[in-house]
Amino acid sequence: MSSPAAHRSNVSLALAQREAAWLAPYAMHSEESRGRRHREPAHPLRGPFEIDRDRIVRSAACRRLSCKTQVFTGEMGDYPRTRLTHTLEVCSIARRLGRALRLNEDLIEALALTHDLGHPPFGHAGEAVLDECLAEVGGFCHNRHALRIVEELERCDRRFAGLNLSIEVLEGQQSRIDRRAGEAVPLEIQVVEAADSVTYDTHDADDALELRLLELDELLEVPLWAEAARRVRQAYSDLTRGELRLAILQELVDWQLDDLLRGAQAKLAGIESQDEARQAGVTLHASPEVAEQKADLEIFLHDRVYRHHQVMRMRSRAQSILREMFHFLAARPDLLPESFRQRALLLGVERGVGDYLAGMTDRYAQQQYERLGAGRD
Ligand code: MG
């Protein structure tokens, strides 16, 4: 990395001074950003990662997350998390972790908002079917598709495609795809990944309880929930079932963040720069005790929730819709919207159709399926 001084013009003096006073030496400082593919002048009020955040929030792909499945489709009610509310919870938890470690919260927010941007309709069920349909042209992976969205499909300037995000945000997303095992990446990236894990483990159980796919007593037999319940009961007595559930959910987040922070602070003592943190291989991990209990919870959720017959039935229906639409449109690319017809000419019909389908919300996919009559033959 070149000297920070070479990039001073990328940020206002006020931001550089604010970050110098607050951020830890191992945090990403905005003035150290390596900039963007297409050079832009510094903004008088916003730092580079704030600009990234604003562009992602204003993108159509981000708005469409509101109608995309996290785990449970909208047909199962309006309580469960959508991909957008999941992303907002990840942002909030990641910023909390980042602030405690005095990391760059603007970068964390931009990374968190990007992390699930590439999800197709119907969650991992949709991803699996697109991967199957696109197997001969490189498959489909939501992490890679997020990069396609921010680099090719969205626009912020008429002169070029993409959102022209900072290199650090693009590299952060890229590292979700091709990181070597054990490779230490910047702490802002690690914070988002840790927050993602805390978030989905907690809210998937909460959603499953609300949908009555599980009962509270079953979860209380899972060690992570049993320990959280023990802590809650130590602090409060006479809780109703509803209050107990709510308090456990809060305790699960607080306890896991506390565990992560304690581990990180011990590893980061005396670390004076980002490079030093990377060379020392500083990684953000749950303690062995919490990690083991989280793994048990994830096995439980996999068996009891993600494979629940109601979820599997929705999954099967969603996969049929996407699979049939894929084959229908691959045979009739003339029915694609103009921009995706152009992508099909440039990148091949399969990728053009895949990109079109991946951008759809659950609801739009269902509407288009009905409109096209894709499954009638
Ligand atoms: Mg996520």
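Rules used in this analysis
Residues numbered from 1 in each chain as written. Predicted model: local features only at pLDDT ≥ 70, side-chain atom pairs only at ≥ 80, totals over all residues. Heavy atoms only, no water. Salt bridge = Lys/Arg side-chain N within 4 Å of Asp/Glu carboxyl O. Helix = DSSP H or I, 4+ residues; strand = E, 2+ residues; numbered from the N terminus. Buried < 20%, exposed > 50% of the residue type's maximum accessible area, 1.4 Å probe, protein only. Axes fitted to C-alpha atoms, helices over the stretch in contact; angles between N-to-C directions. Left-handed = near helix turned anticlockwise from the far one by under 90°. Contact = heavy atoms within 4.5 Å. Nonpolar A, V, L, I, M, F, W, Y, C, P; charged D, E, K, R; others polar. Polar contact = N/O pair within 3.5 Å; in protein donor to acceptor, adjacent residues only side chain to side chain. Donors = N, O, S within 2.8 Å, 3.2 Å for Na, K, Ca; no water. Phe/Tyr/Trp six-rings, centres within 6.5 Å; stacked < 30°, edge-to-face > 60°. Lys NZ or Arg CZ within 6 Å of the ring centre and 35° of its normal. 1 Å grid on protein atoms, 1.4 Å probe; cavity = no way out; pocket = protein on both sides within 12 Å on 5 of 7 lines; lining within 4 Å. Points joined across faces, edges and corners; volume = space filled by probe spheres on them. Core = buried A, V, L, I, M, F, W, Y, C linked by side-chain atoms within 4.5 Å.

## Quick notes on the pattern of salt bridges
Tallied over the full model, the rule gives 38 salt bridges. The partner of glutamate 105 in a salt bridge is arginine 95, and the shortest N-O contact between them spans 3.1 Å. Of this pair, glutamate 105 sits in helix H5 (residues 105–115) while arginine 95 sits in helix H4 (residues 83–100), placing them ten residues apart in sequence. For glutamate 105, a relative accessible area of 11% puts it in the buried group. Here glutamate 210 ties to arginine 245 by a salt bridge, and the two come within 2.9 Å at their closest N and O atoms. Of the two residues, glutamate 210 is situated in helix H9 (residues 187–210) and arginine 245 in helix H12 (residues 241–268); the sequence distance between them amounts to 35 residues. Counted as one network, the salt bridges with shared partners bring together Arg46, Arg53, Asp54, Arg95, Arg99, Glu105 and Glu109.

## Quick look at the packing of helix H16 (residues 338–347) against helix H17 (residues 349–358)
Orientation of H16 relative to H17, taken along the N-to-C sense of each, is 145°, at an axis distance of 6 Å. For the pair H16 and H17, the sense of crossing is right-handed. Residues Phe340, Arg343, Ala344 and Leu347 of H16 touch H17, and the partners they reach there are Val349, Arg351, Gly352, Asp355 and Tyr356. Partitioned by chemical class, the residues of the contact of H16 with H17 number five nonpolar, one polar and three charged.

## Notes on the environment of aspartate 362
Positionally, aspartate 362 belongs in helix H18 (residues 362–372). Each residue touching aspartate 362, except ones within four places of it in the same chain, is listed here: Cys67, Lys68, Thr69, Pro121 and Phe122. A polar contact of 2.4 Å, which involves the side chain of aspartate 362, links it to the side chain of threonine 69.

## Topic: the coordination of the magnesium ion
The protein atoms that coordinate the magnesium ion are His86 (NE2), His115 (NE2), Asp116 (OD) and Asp196 (OD), at distances of 2.2 to 2.4 Å. Mapping the donors of the magnesium ion onto the primary sequence yields the spacing H-x28-H-D-x79-D. Here aspartate 196 lies in helix H9 and histidine 115 lies in helix H5, a separation of 81 residues in the sequence. Pair check on accessibility: histidine 115 and aspartate 196 agree, each one buried.

## A short note on the packing of aromatic side chains
What the rule picks out here adds up to one aromatic pair. Judged by centre distance (5.2 Å) and plane angle (50°), the ring pair of phenylalanine 340 and tyrosine 356 falls under tilted. Separated by 16 residues along the polypeptide, phenylalanine 340 in helix H16 and tyrosine 356 in helix H17 bring together distant segments of the chain. A relative accessible area of 16% places phenylalanine 340 in the buried class. Directly above the aromatic system of tryptophan 22 lies the positively charged group of arginine 102, at a separation of 5.6 Å from the ring centroid.

## Examining the layout of surface pockets
In this structure, the largest pocket occupies an estimated 620 Å³ of space. Every element with two or more residues in the lining of the largest pocket is listed here: H4, helix H6 (123–133), H9, helix H14 (288–306) and helix H15 (309–331). Tallying contributions element by element places H9 first for the lining of the largest pocket, with six residues. Among the residues forming the lining of the largest pocket, the class breakdown is ten nonpolar, eleven polar and ten charged.

## Quick look at the nonpolar core
In terms of nonpolar packing, the biggest core is built from 51 residues, with Tyr26, Leu101, Leu103, Leu117, Val150, Val191 and Leu268 touching the most fellow members. Counting residues per element, the ones that place at least two in this core are helix H2 (48–57), helix H3 (60–64), H4, H5, helix H7 (142–153), helix H8 (167–178), H9 and H12. Ignoring sequence-local partners within four residues, the contact set of valine 191 consists of Ala94, Leu97, Gly98, Leu101, Leu103, Ile108 and Leu284. Of all hydrophobic cores here, the second largest spans 29 residues; its members include Leu214, Ile248, Val290 and Val305.

Scope: geometric values only; no functional claims are made or implied.
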